[in-house]
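Structural description and commentary
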Amino acid sequence: MDESDYHAHTIASAIEISRPVNLPKSLRAIDAMNGVVREVTDDEILEHRAMVARWGFGCEPASAATVAGLRKLLDEQVISIDEDVVCILTGHELKDPNATVKYHTGVDMKSVQDLAPKGRTHGKLSNRPWLWKMIWIRS
């Protein structure tokens, strides 16, 4: 991907890195299984991530891309509804939380985070970020 100067721009941070750790293994598996690859949009990823969550499971956006890809292959009739298919869901559902919040509420957390009210913490065991920052700067 680097050689072709292609850099993905997606909400799925694990895809956006454009340098998958297991790329050689993945390409070998695709070749050995006569597999196919499809590109899916961020909207398709978010729709299928919500579908996975509706069934009580969680996953990161990059994993939801496998389910979105399966839907696309079913629609194209590359895969039959009668076939057994496994979509691997890895990563925690709280990875890339801003995308989830925006999908379900319409609120773009990145754009409003500076507008959020700032108050003093009130929990006896609260971990105030400014305290950690001061300790880190001093060491």
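What counts and what doesn't
Residues numbered from 1 in each chain as written. Predicted model: local features only at pLDDT ≥ 70, side-chain atom pairs only at ≥ 80, totals over all residues. Heavy atoms only, no water. Axes fitted to C-alpha atoms, helices over the stretch in contact; angles between N-to-C directions. Helix = DSSP H or I, 4+ residues; strand = E, 2+ residues; numbered from the N terminus. Parallel < 35°, antiparallel > 145°, perpendicular 65-115°, else oblique. Contact = heavy atoms within 4.5 Å. Patch = residues over 30% accessible without salt bridge, like charges linked within 9 Å, V, L, I, M, F, W, Y side chains within 5 Å. Areas by Shrake-Rupley, 256 points an atom, 1.4 Å probe, with all protein chains shown as cover. Salt bridge = Lys/Arg side-chain N within 4 Å of Asp/Glu carboxyl O. Core = buried A, V, L, I, M, F, W, Y, C linked by side-chain atoms within 4.5 Å. Buried < 20%, exposed > 50% of the residue type's maximum accessible area, 1.4 Å probe, protein only. Polar contact = N/O pair within 3.5 Å; in protein donor to acceptor, adjacent residues only side chain to side chain. Expected span 1.5 Å × (residues − 1). Disulfide = S-S within 2.5 Å.

1. Comments concerning the packing of helix α3 (residues 42–54) against helix α5 (residues 97–105)
- Viewed as axis vectors pointing N to C, α3 and α5 meet at an angle of 85 degrees, and their least axial separation amounts to 11 Å. Judged on the interaxial angle alone, α5 and α3 are roughly perpendicular. Contacts between α3 and α5 involve Leu46, Glu47, Arg49 and Ala50 on the former and, on the latter, Ala99, Thr100, Tyr103 and His104.

2. Examining a nonpolar patch on the surface
- A cluster of nonpolar side chains, Met51, Trp55, Phe57 and Leu89, forms an exposed patch at the surface whose accessible area comes to about 480 Å².
- Tracing the sequence through the fold places leucine 89 in the loop between α4 (61–75) and α5.

3. Concerning the pattern of salt bridges
- Scanning the entire structure with this criterion turns up four salt bridges.
- Among the salt bridges present, the one from aspartate 75 reaches arginine 71, with a minimum N-O distance of 3.2 Å. Here the residue aspartate 75 and the residue arginine 71 both occupy positions in helix α4, the gap between them amounting to four residues, near one helical turn.

4. Notes on the nonpolar core
- The biggest cluster of nonpolar side chains holds ten residues, and these are Ala12, Val40, Ile45, Val52, Cys59, Ala62, Ala64, Ala65, Val67 and Ala68.
- Ranked by residues supplied to this core, first place goes to α4 with five residues.
- Residues in contact with alanine 65, not counting those within four places in the same chain, are Ile15, Val40 and Ile45.

5. Let's talk about the side chain of serine 63
- Residue position: serine 63 is located in helix α4.
- Residue classification places serine 63 among the buried residues on the basis of a relative accessible area of 3%.
- Reaching out from serine 63, the side chain makes a polar contact with the backbone nitrogen of threonine 90 at a distance of 2.8 Å.
- If sequence neighbours within four positions are ignored, serine 63 has contacts with Ile88, Leu89 and Thr90.

6. A word on the environment of isoleucine 79
- The topology assignment puts isoleucine 79 in the loop between α4 and α5.
- In this structure isoleucine 79 touches Leu70, Leu73, Leu74 and Val85, once residues within four positions along its chain are discounted.

7. Digging into unusual backbone geometry
- Of note in this structure, asparagine 34 is not a glycine but carries a positive phi near 55 degrees.
- By the secondary structure assignment, asparagine 34 is in the loop between α2 (23–32) and α3.
- On the basis of relative accessibility, which here comes to 69%, the residue asparagine 34 falls in the exposed class.
- A positive phi is found at aspartate 96, a non-glycine position, where the angle reads about 55 degrees.
- Mapped onto the elements of the fold, aspartate 96 is located in the loop between α4 and α5.

8. Topic: α4
- When the terminal C-alpha atoms of α4 are compared, their 21 Å separation across 15 residues agrees well with the 21 Å that a helix rising 1.5 Å per residue should span.
- Residues Pro61, Ala62, Ser63, Ala64, Ala65, Val67, Ala68, Gly69, Leu73 and Leu74 constitute the buried set of α4.
- On its buried face, α4 sits against α1 (13–16) and α3.
- Directly after α4, the chain includes glutamine 77, whose backbone phi takes a positive value near 60 degrees.

9. Thoughts on the state of the cysteines
- Taken as a whole and assessed by the stated rule, the structure comprises zero disulfides.
- Cysteine 87 supplies the cysteine sulfur nearest to cysteine 59, a cysteine that is in no disulfide, at a spacing of 9.8 Å.
- By relative accessible area, which is 23% here, cysteine 87 ends up partly exposed.

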